[in-house]
Amino acid sequence: MSIITLFGWLTALFWLWHSGVILHFLYYLQLHKVIKTLPPLTHYPKISIIVPARDEEQKIHSALSSLLAQDYPNFEILAVNDRSTDQTGAIMDKLQTQSSRLNVIHIKELPERWLGKNHAMHSAAQHATGDYLLFTDGDVIFSKETLKKAMQVVNAQQWDHLALMPRLIPGRYAENSVAQFMGMVFLISLYPFLISNPKSRRFVGIGAFNLIRHSCYQQIGGFEKLRLEMIDDMGLGREIKHHGFRSQLLAAEQLLEIRWQQNLSGLIRGVEKNSFAALDYSVVKLLVVTIIFKLIFFFPYLAIFILPTQAALGYAVALIVLHSLVAYIGVKANVGWHISLTILFSATVTLWALWRSAFLTLKQGGVYWRDTFYSLALLKNKS
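Below you will find a few notes about this structure.

Bringing helix α7 (residues 173–190) into the picture now. With 18 residues, α7 should reach 26 Å at 1.5 Å per residue; the first-to-last C-alpha distance of 26 Å fits that figure. All buried positions along α7 are accounted for by E175, N176, S177, V178, A179, Q180, F181, M182, M184, L187, I188 and L190. The first or second residue beyond α7 is Y191, which carries a positive phi of 55°.

Printed below as a string of structure tokens:
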């Protein structure tokens, strides 16, 4: 068997294995399924919900209203208006007059050596009185039973940290295809079934829902330690796991939803901050990821056209498995099986977004985010 033929079968095995990993998460690690075997809550620890927001006037009212409507009896909301230039702060203040559960914090200036969102969450955590802290974003919509069900599983399993993956509200076809593809790549990088294993170093953080025991947050140093961590949610998850605390990731598609970005161009801009940061601003890692992408996403298509039938068989199997997986993801996400027809397009856009992030970061010598510039030297140092 030639090396190129062997690689085809290795590619097929790669997709068979990772399809199993993703399908296990999508089918078994669902919050609404996990809690079916668990006892109901008899004690309701206080939860401090921290919502940082900047220039979110279009979404903040719906997000905060969904939180205020929770059927969980013991919680407070700390909404942080982080230097907004629109009506975000005014909307928060109006809602505060309607509920004693909501407390608004207005931030006027960003201290040096802080990322804006990280500082906002740090500021709110200093005022939190809950047994647990829930970090979420100003554009996430909660079902009314989300907190109760999340705490039911945390209490029963004695987890220190629970991250919930939301349902993505569908948009246009191209946006849906790329967003679901990026989500698939994210899950492949996580290995979700290993996150709860204390012997594994796999970790996770989800900006839409990061629930952490307050005492655990204090022991890891909180966002004071992560003041320059560009990927704040994953940074928090990393510190939680590395300090030996128990962590878990579940899907919460029936309980939590978000419109990630409004269109395809917004999606590309939306990952600009995090993409190159996820590779530690390393061009070498960028090249390695690019090669892997070309081998597992692009080369199989080329192989089935240029190789003899016997040599191309492994690549054909790999593509059948890959397309079946993406079709299932599309059906599960209510965007249709036909997003599997756009794998080459989605892979190209994802790779373009990654290179665009790297190019802009290197060209500018740092990252512009929410009207603030953070130098590359500062972000790499993180101290």
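Attention shifts here to the packing of helix α1 (residues 3–28) against helix α13 (residues 309–332). For the pair α1 and α13, interaxial distance at closest approach is 7 Å and the crossing angle is 15°. Viewed along their axes, α1 and α13 adopt a mutual orientation that is roughly parallel. In the crossing of α1 with α13, the sense of the turn from one axis to the other is left-handed. Taken together, the residues of the contact of α1 with α13 break down into 19 nonpolar, 6 polar and 1 charged.

Evaluated as defined, the whole model comprises 14 salt bridges. The residue E224 makes a salt bridge to R227 at a minimum N-O spacing of 2.3 Å. Among the ionic pairs, D280 bridges to K285, the shortest N-O distance being 2.6 Å. Taken together, the shared-partner salt bridges in this structure form one network comprising K225, E229, R238 and E239.

The side chains of a regular strand alternate between both faces of the sheet. With burial as the criterion, each face of strand β4 (residues 132–135) is covered, one bearing Y132 and L134 and the other bearing L133 and F135. Direction of pairing for strand β1 (residues 47–53) relative to β4: parallel, over a ladder of 4 bridges. Following the sheet pairing, I50 is matched in β4 by F135. Where β4 meets strand β8 (residues 210–213), 4 bridges bridge the pair, whose relative direction is antiparallel.

Once that is clear, we can look at the sheet that holds strand β10 (residues 256–258). Ordered in space as β5-β10-β7, the 3 strands form an open sheet in which the pairing is mixed. Either end of the sheet is taken by a strand with one partner, and the two such strands are β5 (140–142) and β7 (167–168). Two elements, β5 and β10, share 3 bridges in a ladder whose sense is antiparallel. Residue pairing in the sheet places F142 in a bridge with L256 of β10.

With that settled, consider the sheet that holds strand β6 (residues 161–165). Strand order across the open sheet formed by 7 strands is β3-β2-β1-β4-β8-β6-β9, with mixed pairing between neighbours. Taken across any chain shown, the strands that pair with only one partner, and hence form the sheet edges, are β3 (102–107) and β9 (247–251). Across the sheet, the axes of successive neighbouring strands diverge by a mean angle of 20°, strand direction being ignored. By the bridge criterion, 5 bridges tie β6 to β9 in an arrangement that is parallel. Residue pairing across strands places L162 opposite Q248, the latter belonging to β9. Its contacts with the sheet put helix α5 (residues 116–127) on β1, β2 (75–82), β3 and β4, and the angle it makes with β2 is roughly 145°.

The alternating pattern of strand β12 (residues 372–375) places T372 and Y374 on a buried face and F373 and S375 on a face that is not buried. Here strand β11 (residues 366–369) hands over to β12 after 2 residues, with R370 in that stretch at a positive phi of 50°.

About the criteria used
Residues numbered from 1 in each chain as written. Predicted model: local features only at pLDDT ≥ 70, side-chain atom pairs only at ≥ 80, totals over all residues. Heavy atoms only, no water. Helix = DSSP H or I, 4+ residues; strand = E, 2+ residues; numbered from the N terminus. Expected span 1.5 Å × (residues − 1). Buried < 20%, exposed > 50% of the residue type's maximum accessible area, 1.4 Å probe, protein only. Axes fitted to C-alpha atoms, helices over the stretch in contact; angles between N-to-C directions. Parallel < 35°, antiparallel > 145°, perpendicular 65-115°, else oblique. Left-handed = near helix turned anticlockwise from the far one by under 90°. Nonpolar A, V, L, I, M, F, W, Y, C, P; charged D, E, K, R; others polar. Salt bridge = Lys/Arg side-chain N within 4 Å of Asp/Glu carboxyl O. Pairing = 2+ DSSP bridges. Contact = heavy atoms within 4.5 Å.

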